[in-house]
Amino acid sequence: QALNRFGEQSNIYINMARLYWEWNKPDKAQQAADKAVALDPDNQETVQTLSDIRLWINSKQSTE
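Residues numbered from 1 in each chain as written. Predicted model: local features only at pLDDT ≥ 70, side-chain atom pairs only at ≥ 80, totals over all residues. Heavy atoms only, no water.

### Some points on helix α3 (residues 26-39)
Taking 1.5 Å as the rise per residue, α3 with 14 residues should run 20 Å; its terminal C-alpha atoms sit 20 Å apart, in good agreement. When we look at burial in α3, the residues that qualify are A29, A32, A33, A36 and V37. The buried side chains of α3 occupy one side of the element, clustering within an arc of 140° when seen end-on. Facing away from the buried side of α3, by more than 90 degrees, are the exposed residues D27, Q31 and A38. (Helix = DSSP H or I, 4+ residues; strand = E, 2+ residues; numbered from the N terminus. Expected span 1.5 Å × (residues − 1). Buried < 20%, exposed > 50% of the residue type's maximum accessible area, 1.4 Å probe, protein only. Arc of directions from axis to C-beta.)

### Remarks on unusual backbone geometry
Positive phi outside glycine occurs at N24, with the angle close to 60°. Secondary-structure assignment places N24 in the loop between α2 (10-22) and α3. Classification of N24 by relative accessible area gives partly exposed; the value is 44%.

Right, dumping it as structure tokens:
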């Protein structure tokens, strides 16, 4: 709904990424974070969140 109302904004996508992260949905978390970085590549918080999600995904894969 937020995307429909406000359009594509990086802060919406990064919030979606964090929610997916909390819900243990790594693929969706990374997709949302990738979109956030694409929209605002200079936002260090967004870039850091994407990095954290990638580390989380890699750690999950190495324990499987």
